[in-house]
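What follows is the residue order along each chain.
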Protein chains: 2
Amino acid sequence: MNDLYVVGIGPGDPDQMTLQARRILESCDVIAGYTVYAELLRETFPDKEYLVTPMRQEAERCRMALAEASGGRRVAVVCSGDAGVYGMSGLILELAGEYPDCQVEIVPGVTAALSGGALLGAPLMHDFAVISLSDLLTPWEKIEKRLRLAAMADFAICIYNPSSRKRADYLARACTILGEELEESRVCGLAGRIGREGESVQVVTLGELGRMQVDMFTTIFIGNSQTRVIGGRMVTPRGYKL
Amino acid sequence: MNDLYVVGIGPGDPDQMTLQARRILESCDVIAGYTVYAELLRETFPDKEYLVTPMRQEAERCRMALAEASGGRRVAVVCSGDAGVYGMSGLILELAGEYPDCQVEIVPGVTAALSGGALLGAPLMHDFAVISLSDLLTPWEKIEKRLRLAAMADFAICIYNPSSRKRADYLARACTILGEELEESRVCGLAGRIGREGESVQVVTLGELGRMQVDMFTTIFIGNSQTRVIGGRMVTPRGYKL
């Protein structure tokens with residue numbers, strides 16, 4: 001069998017990759033991924049062949065990677081964060097049946113909910129929901145429904161893909177929906193460019209969040225009803241007696 | 001300032017720790033944690049002092065760790081999986097104000113939703129919720145409500161702490177609630193003892209899951225309405241055109 005790995009490389013800093021991910025990338029001949037992640041890896045793994053395609057050609061990139069593996073080369077498809085959370089592992093497994101001589105292994109990594117959460121404090125210490133605001137592949141009505149039900153369930157909420165050039169007002173729209181269930185003073189947090197140049201965090205209220213402009217490299221955290229600001233950090237208590 | 005780190009060590013295999021976590025543990029004098037995680041680390045880091053307390057003494061253990069750090073030693077509080085997902089980072093940050101000369105840094109890790117998901121395939125490729133069935137610190141009614149609303153929102157759901165000696169029927173009760181919203185044939189998965197001796201995965205239906213006995217080292221995955229079994233793996237498509 002030929003090996004294809006789908007590897008979550010963490011938020012960006014090679015230090016936040018698992019030892020397993022690093023060992024596997026070192027063992028591979030070919031690394032396939034979005035341009036920006038390939039550039040992050042080129043410094044650490046300069047001697048690999050890189051198979052780079054722009055956004056929006058996901059199936060094509062996965063087929064190219066599977067074909068390379070099928071040809072006998074050891075291939076890693078890399079994803080920022082985790083391989084499975086809005087990553088490429090699903091698409092690879094959907095397409096792998098077309099390449100029966102390839103064996104797919106998924107290598108998990110630290111997704112932005114965890115790395116951004118650690119920077120902010122402990123926003124996801126209790127039950128939580130992860131929701132992407134990208135409506136490229138999901139109807140906006142479904143995203144709205146999930147936001148509303150997550151707020152009703154008193155989940156802490158982590159929001160991925162809060163913005164893009166074409167969707168500048170999506171975070172404001174999401175905050176309006178959340179604001180129908182949650183108070184304006186609800187503790188929220190932002191983590192930007194996690195593990196990369198320009199990393200930043202900010203703790204705000206839901207009311208303030210709804211009036212902010214954020215870029216696509218930002219991960220958003222909405223506290224649950226117990227979330228507080230302690231020493232400048234965003235903390236959702238689990239409920240232990242102090 | 002004295003340094004205290006809260007470190008997520010991943011599922012168990014030292015290979016699934018991040019390089020950052022490993023580097024920080026190497027630099028520490030004292031490692032504090034539950035007995036079982038301390039034992040996992042002793043082989044990799046034999047020369048550390050271990051501060052071990054049993055379950056249910058969380059605040060005491062955290063205060064001991066903070067006091068050690070306050071005394072000038074470099075201390076790591078270790079958590080399985082991530083430091084922030086049902087981990088110790090929240091409690092440490094709640095208590096850190098009592099030790100103003102300590103500086104707390106949170107080091108994220110691969111939580112069981114990601115490591116178990118990778119073993120099963122790609123169950124959490126789309127929006128998802130993480131829910132613990134432990135009612136030690138959370139009223140069962142709140143857990144029920146979250147399960148029901150998560151099912152109504154069509155989230156993929158990852159369930160932590162599905163069982164314990166005193167809560168042998170909790171998974172069955174959860175499946176009954178989920179079954180009021182979801183069809184009995186809904187694709188579900190189990191990942192057991194991830195990254196440790198005896199690691200196992202199984203793909204079943206919701207109906208079958210409700211009749212199973214699982215131990216406390218099992219993580220459960222409930223698919224969303226699009227989740228399918230592909231080549232024996234549990235895959236929640238993101239929606240990319242093939």
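Residues numbered from 1 in each chain as written. Chains lettered and ligands numbered in written order. Predicted model: local features only at pLDDT ≥ 70, side-chain atom pairs only at ≥ 80, totals over all residues. Heavy atoms only, no water.

## Quick word on the overall build of chain A
- Each helix and strand in chain A was counted, giving eight helices and 13 strands.
- Computed over the C-alpha atoms, the radius of gyration of chain A is 19 Å, within 12% of the 18 Å expected from 2.2 N^0.38 for a compact globule of 242 residues.
- With the C-alpha coordinates of chain A rotated into their principal frame, the extents come out at 55 × 40 × 30 Å.
- The proportion of buried residues among the 242 residues of chain A is 60%.
- Look at the contacts in chain A between residues 6 or more apart in sequence, and 69% of them connect residues 24 or more apart.
- About 9,300 Å² of surface is accessible on chain A, with carbon and sulfur atoms providing 48% of the total.
- Across chain A, the mean location of the 25 positive side-chain charges is 3 Å away from that of the 31 negative side-chain charges. (Helix = DSSP H or I, 4+ residues; strand = E, 2+ residues; numbered from the N terminus. Rg over C-alpha atoms; globule rule 2.2 N^0.38 Å. Buried < 20%, exposed > 50% of the residue type's maximum accessible area, 1.4 Å probe, protein only. Contact = heavy atoms within 4.5 Å. Areas by Shrake-Rupley, 256 points an atom, 1.4 Å probe, with all protein chains shown as cover. Lys, Arg positive; Asp, Glu negative; His and termini not counted. Charge placed at Lys NZ, Arg CZ, Asp CG, Glu CD.)

## Examining the relation of the copies chain A and chain B
- Least-squares fitting of chain A to chain B yields an RMSD of 0.0 Å, with the superposition described by an axial translation of 0.0 Å and a rotation of 180 degrees. The operation mapping one copy onto its partner corresponds to a two-fold rotation axis.
- Looking at chain A, 100% of its interface residues are interface residues in chain B too, so the copies touch through the same face. (Least-squares fit on C-alpha atoms with pLDDT ≥ 70 in both.)

## Overview of the sheet that holds strand β12 (residues 228–230) of chain B
Residues and elements named next belong to chain B.
- In space, the three strands of this open sheet follow the order β6-β13-β12, with mixed pairing throughout. The open sheet terminates on both sides in strands that have one partner only, identified here as β6 (121–122) and β12.
- One ladder, built from three bridges, connects β12 with strand β13 (residues 233–235); its direction is antiparallel. Across the sheet, the residue bridging to Ile230 is Arg233, located in β13. (Pairing = 2+ DSSP bridges.)

## Quick look at the sheet that holds strand β5 (residues 102–107) of chain B
Residue and element names in this part refer to chain B.
- Reading across the sheet, the five strands line up as β3-β2-β4-β1-β5 and stay open at both edges, with parallel pairing between neighbours. Each edge of the open sheet is held by one strand with a lone partner, namely β3 (49–52) and β5. Ignoring strand direction, the axes of neighbouring strands in this sheet form an average angle of 20 degrees.
- Note that strand β1 (residues 2–8) and strand β4 (residues 75–79) share five bridges and pair parallel. Note on β4: the bridge partner recorded for Tyr5 is Ala76. (Axes fitted to C-alpha atoms, helices over the stretch in contact; angles between N-to-C directions.)

## Considering the packing of helix α6 (residues 140–152) of chain B against helix α7 (residues 170–181) of chain B
Residue and element names in this part refer to chain B.
- Taken N-terminus to C-terminus, the directions of α6 and α7 make an angle of 40 degrees; their axes are 9 Å apart at the nearest point. In terms of their interaxial angle, α6 and α7 are classed as oblique. Viewed along their axes, α6 and α7 form a crossing whose handedness is right-handed. Mapping the contact onto sequence places Trp140, Glu144, Leu147, Arg148, Ala151 and Met152 in α6 and Tyr170, Arg173, Ala174, Ile177, Leu178, Glu180 and Glu181 in α7. (Parallel < 35°, antiparallel > 145°, perpendicular 65-115°, else oblique. Left-handed = near helix turned anticlockwise from the far one by under 90°.)

## Some points on the interface of chain A and chain B
- Each partner contributes to the interface: chain A provides 69 residues, whereas chain B provides 69 residues.
- Buried area between chain A and chain B, summed over both chains or domains, comes out near 6,200 Å², and the portion from carbon and sulfur atoms is 59%.
- Linking chain A with chain B are ten salt bridges.
- For Asp154(B), the salt bridge is made with Lys142(A), and the minimal N-O distance between the two is 2.6 Å.
- Of the residues that constitute the side of chain A that touches chain B, the class distribution is 35 nonpolar, 18 polar and 16 charged.
- Where strand β7 (residues 128–132) of chain A meets strand β7 (residues 128–132) of chain B, three bridges bridge the pair, whose relative direction is antiparallel. Counted as the bridge partner of Phe128(A) is Val130(B) from β7(B). (Buried area = accessible area lost by both parts, 1.4 Å probe. Salt bridge = Lys/Arg side-chain N within 4 Å of Asp/Glu carboxyl O. Nonpolar A, V, L, I, M, F, W, Y, C, P; charged D, E, K, R; others polar.)

## A closer look at the side chain of Thr227(A)
Residue and element names in this part refer to chain A.
- Checked against the element boundaries, Thr227 lands in the loop between β11 (218–222) and β12 (228–230).
- Among the residues examined, Thr227 registers a relative accessible area of 8% and is labelled buried.
- A polar atom in the side chain of Thr227 sits 2.8 Å from the backbone nitrogen of Asn224.
- Within the structure, the side chain of Thr227 is placed 2.8 Å from the side chain of Thr236, a separation counted as a polar contact. (Polar contact = N/O pair within 3.5 Å; in protein donor to acceptor, adjacent residues only side chain to side chain.)

## Considering the pattern of salt bridges
- Taken as a whole and assessed by the stated rule, the structure comprises 28 salt bridges over all chains.
- Measuring nitrogen to oxygen at the nearest pair gives 3.3 Å for the salt bridge that ties Arg42(B) to Glu39(B). Taken together, the residues span about one helical turn, with Arg42(B) and Glu39(B) both in helix α2 (residues 35–42) at a distance of three residues.
- Bridged by salt links that share partners, the residues Asp127(A), Asp154(A), Lys142(B) and Arg146(B) form one connected network.

## Topic: the pairing of β7(B)
Residue and element names in this part refer to chain B.
- Within β7, five of the five residues are buried, which leaves it mostly tucked inside the rest of the structure.
- Of the two faces of β7, the one carrying Phe128, Val130 and Ser132 and the one carrying Ala129 and Ile131 are both buried.
- Here five bridges tie β7 to strand β8 (residues 156–160), and the two strands are oriented parallel to one another. Within β8, the position partnered with Ser132 by the bridge is Tyr160.

## Some remarks on the packing of aromatic side chains
- Counted under the stated rule, the structure contains six aromatic pairs over all chains.
- Judged by centre distance (4.8 Å) and plane angle (50 degrees), the ring pair of Trp140(A) and Tyr170(A) falls under tilted. Remark: Tyr170(A) occurs in helix α7 (residues 170–181) and Trp140(A) occurs in helix α6 (residues 140–152); sequence separation between them is 30 residues.
- Judged by relative accessible area, Trp140(A) falls into the buried class, the value being 7%.
- A cation over an aromatic ring shows up here: Arg42(A) above the ring of Tyr50(A), its NZ or CZ 4.6 Å from the ring centre.
- Above the plane of the ring of Tyr170(B) lies Arg173(B), whose end atom (NZ or CZ) is 4.8 Å from the centre. (Phe/Tyr/Trp six-rings, centres within 6.5 Å; stacked < 30°, edge-to-face > 60°. Lys NZ or Arg CZ within 6 Å of the ring centre and 35° of its normal.)

## Brief notes about helix α1 (residues 19–27) of chain B
Residues and elements named next belong to chain B.
- All of the buried residues in α1 are Gln20, Ala21, Ile24 and Leu25. On an axial view of α1, the arc spanned by its buried residues comes to 130 degrees, and they lie on one face.
- Residues of α1 that are buried sit in contact with β1, β2 (30–33), α2, β4 and β5. (Arc of directions from axis to C-beta.)

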